[in-house]
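Chains, contacts and geometry: an overview
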Amino acid sequence: MIPAILNADFSHALETLLAVPVLILGVLTLRRTVSRQFGAGVVCLIWAIAVVRLFLPPLQTPVSLLNFDLTAITRGAGT
């Protein structure tokens, strides 16, 4: 039971580690355009979304965003 919990925690951590840099890159690419169109306050709000995502629990989606079989990776590393 403990390995199942650890694998779930690892996959959640991996999802967060992949999602947040993608959000940061999106904010960096849209920052100037958004600030010209809507002002600096909206840019701060977009940055807040990326920061909040760091602290949120994993988002549950009906479709896997990663399509990784983490159990095969972790099982292969132990042998």
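Sequence order as written defines residue numbering, which begins from 1 separately in each chain. The predicted origin of the model limits local features to residues at a pLDDT of at least 70 and limits the giving and counting of side-chain atom pairs to 80 or more, whereas totals for whole chains, interfaces and linings rest on all residues. Working from all heavy atoms in the structure, the side-chain values ignore hydrogens and water.

Take a nonpolar patch on the surface next. Like charges within 9 Å and nonpolar side chains (Val, Leu, Ile, Met, Phe, Trp, Tyr) within 5 Å are joined into patches, using only residues over 30% in relative accessible area that form no salt bridge. Here the accessible surface of atoms and residues is derived via Shrake-Rupley with a 1.4 Å probe, and residues count as covered only by protein chains that are part of the display. Each salt bridge in this description consists of a side-chain nitrogen of Lys or Arg and a carboxyl oxygen of Asp or Glu lying within 4 Å of one another. Judged by side-chain polarity, Ile 24, Leu 25 and Leu 28 come together as a nonpolar surface patch covering roughly 260 Å² of accessible area. Strands are runs of DSSP state E lasting at least two residues, helices are runs of H or I lasting at least four, and both sets are numbered from the N terminus onward. Take Leu 28: it is sitting in helix H1 (residues 2-38).

The span expected for a helix works out to 1.5 Å for each residue beyond the first. Its 16 residues give helix H2 (residues 40-55) an end-to-end C-alpha distance of 23 Å, which sits within 8% of 22 Å, the value for a rise of 1.5 Å per residue. Each residue gets one of three labels from its accessible area relative to the maximum for its type: buried under 20%, exposed over 50%, partly exposed in between, using a 1.4 Å probe on protein chains only. For H2, the set of buried residues is Val 43, Ala 50 and Arg 53. Down the axis of H2, the buried side of the element spans an arc of 75°, and every buried residue falls inside it. Those residues of H2 that are exposed and aimed more than 90 degrees away from the buried face are Ala 40, Gly 41, Cys 44, Leu 45 and Phe 55. Note that the arc is computed from the directions linking the helix axis to the C-beta atoms.

Parts of the model with low pLDDT should not have their predicted coordinates read in detail. For every residue, the predictor states its confidence as a pLDDT score lying anywhere from 0 to 100. Scored by pLDDT, the chain has a mean of 75; 62% of the residues are at 70 or more. Looking at the elements of the chain, mean pLDDT is at its lowest for helix H3 (residues 70-78), recorded as 57, and at its highest for H2, recorded as 88.

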